[in-house]
Amino acid sequence: MGVRHAQSPAKANSAIQIRQVSPHPKLRRIVASFGERRADFKSIHVIRALNARPDQFIEFYFREPYLVREKGSGFSATPTSVLVGVTSAPGKDLGFVGQIETFTIRFQPTGLARLFGLPMTETVDQGLALSDVLKRQTPALEAALAKSATFEERVAMAQAWIAGWLDQSRPFDEVDQIARLLVKTGGKVSISRLADRAGLSARQVQRRFLRDVGVTPKLYGRLTRFDAALAARSRQPNQTWAHIAAEAGYADEAHLSREARALCGMTPQTFAEKMEAISTLAVVGPEMSDLFKCAI
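### Describing helix α11 (residues 268-276)
Part 1 of the argument: Among the residues of α11, those classed as buried are P268, F271 and A272. Within α11, the buried residues cover an arc of 100° as seen down the axis, which keeps them to one side.

### Structural notes on the packing of aromatic side chains
Part 1 of the argument: On inspection of all chains with the given rule, the structure shows eight aromatic pairs.
Part 2 of the argument: With a centroid separation of 6.2 Å and an interplanar angle of 15°, the aromatic rings of F34 and F103 are classed as stacked. Of this pair, F34 sits in strand β3 (residues 31-40) while F103 is found in strand β10 (residues 99-107), placing the two residues 69 residues apart along the sequence. Both residues of the pair, F34 and F103, belong to the buried class.
Part 3 of the argument: Relative to Y66, the ring of Y61 lies with its centre 4.9 Å away and its plane at 55°, an arrangement referred to as tilted.

### Description of the nonpolar core
Part 1 of the argument: Grouped together as the largest cluster of nonpolar side chains are 33 residues, with contacts concentrated most on F209, Y220, F226, Y250 and L256.
Part 2 of the argument: Among the secondary structure elements, those contributing two or more residues to this core are α5 (174-184), α6 (191-198), α7 (202-212), α8 (217-235), α9 (241-248), α10 (253-264) and α11.
Part 3 of the argument: If near-sequence neighbours (up to four positions away) are discounted, Y250 is found in contact with R222, R225, F226, A229, A245, H255, L256 and E259.
Part 4 of the argument: Ranked by size, the runner-up nonpolar core spans 27 residues in total, among them V31, F34, I58 and I162.

### Concerning the pairing of strand β6 (residues 67-70)
Part 1 of the argument: The pairing of β6 with strand β7 (residues 76-77) spans two bridges and is antiparallel. Bridge assignment links V68 to a residue of β7, and that residue is S76.
Part 2 of the argument: Hairpin connection from β6 to β7: five residues lie between these consecutive antiparallel strands, with G72 at a positive phi of about 85°.
Part 3 of the argument: Where β6 lies against strand β9 (residues 92-96), four bridges are found, and the strand directions are antiparallel. The residue bridging L67 from the neighbouring strand is G95, located in β9.

What counts, and where the lines are drawn
- Residues numbered from 1 in each chain as written.
- Predicted model: local features only at pLDDT ≥ 70, side-chain atom pairs only at ≥ 80, totals over all residues.
- Heavy atoms only, no water.
- Buried < 20%, exposed > 50% of the residue type's maximum accessible area, 1.4 Å probe, protein only.
- Helix = DSSP H or I, 4+ residues; strand = E, 2+ residues; numbered from the N terminus.
- Arc of directions from axis to C-beta.
- Phe/Tyr/Trp six-rings, centres within 6.5 Å; stacked < 30°, edge-to-face > 60°.
- Core = buried A, V, L, I, M, F, W, Y, C linked by side-chain atoms within 4.5 Å.
- Contact = heavy atoms within 4.5 Å.
- Pairing = 2+ DSSP bridges.

Encoded structure:
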């Protein structure tokens with residue numbers, strides 16, 4: 001496995017160790033990735049502002065929970081497991097205290113809706129207790145994950161669990177493909193052109209997006225484009241914002257700056273600096289199809 005230090009070795013004792021791997025090929029129309037975070041902050045707090053983002057995921061907390069603070073309120077602990085929908089606007093802070101150990105299943109844009117038939121509008125800007133949303137489907141998985149000590153075992157368990165629900169999932173269709181293409185291209189494709197190619201009206205696409213993604217296709221495109229710009233900055237920290245804006249499809253750097261203020265409440269440079277202040281140790285693993293050929 002490759003290891004990348006995002007900050008200097010002097011900060012390694014307070015780093016968040018991040019692991020992320022791709023799912024088995026049979027699950028890739030449902031799941032985007034599996035991830036893990038481990039850290040021990042002892043008495044310190046590392047706090048980041050949550051930006052608007054397209055991610056939808058289920059997350060399990062095995063030691064200390066994350067702390068979440070909305071504007072005008074104090075921090076409160078997350079449940080032991082949560083379902084998080086698309087975040088449409090900034091406004092919450094995330095805190096880390098003590099020993100952190102999490103496992104995350106990150107879904108494709110319509111993955112949760114396809115797998116469980118969830119009305120995704122009810123998940124937007126929410127971190128919902130998993131026991132309230134998927135009461136029947138997840139208790140056994142959560143208990144099994146908690147007993148396991150390794151990331152590899154948890155990925156295998158999660159893949160087997162998801163595979164068990166595939167037979168009852170809704171088939172993949174044209175709107176699912178439109179949502180996937182928005183993510184794949186970083187929001188740089190024309191939604192109306194994709195709808196025309198699929199033989200769908202703008203109203204049909206909008207109605208399905210609201211049901212299966214949670215937000216309109218226009219907003220989702222904005223979120224995926226901004227997410228792509230932040231990812232480009234992470235990969236190429238020496239690139240100028242003007243270059244990143246052009247590569248992401250913004251009209252100019254000022255356009256990107258306006259989007260940053262709308263979607264993370266600050267300039268892109270300020271947000272990047274806040275993120276870079278959180279020391280991370282990223283461990284990049286091989287494809288899941290190589291590690292878990294017999295898991296499904």
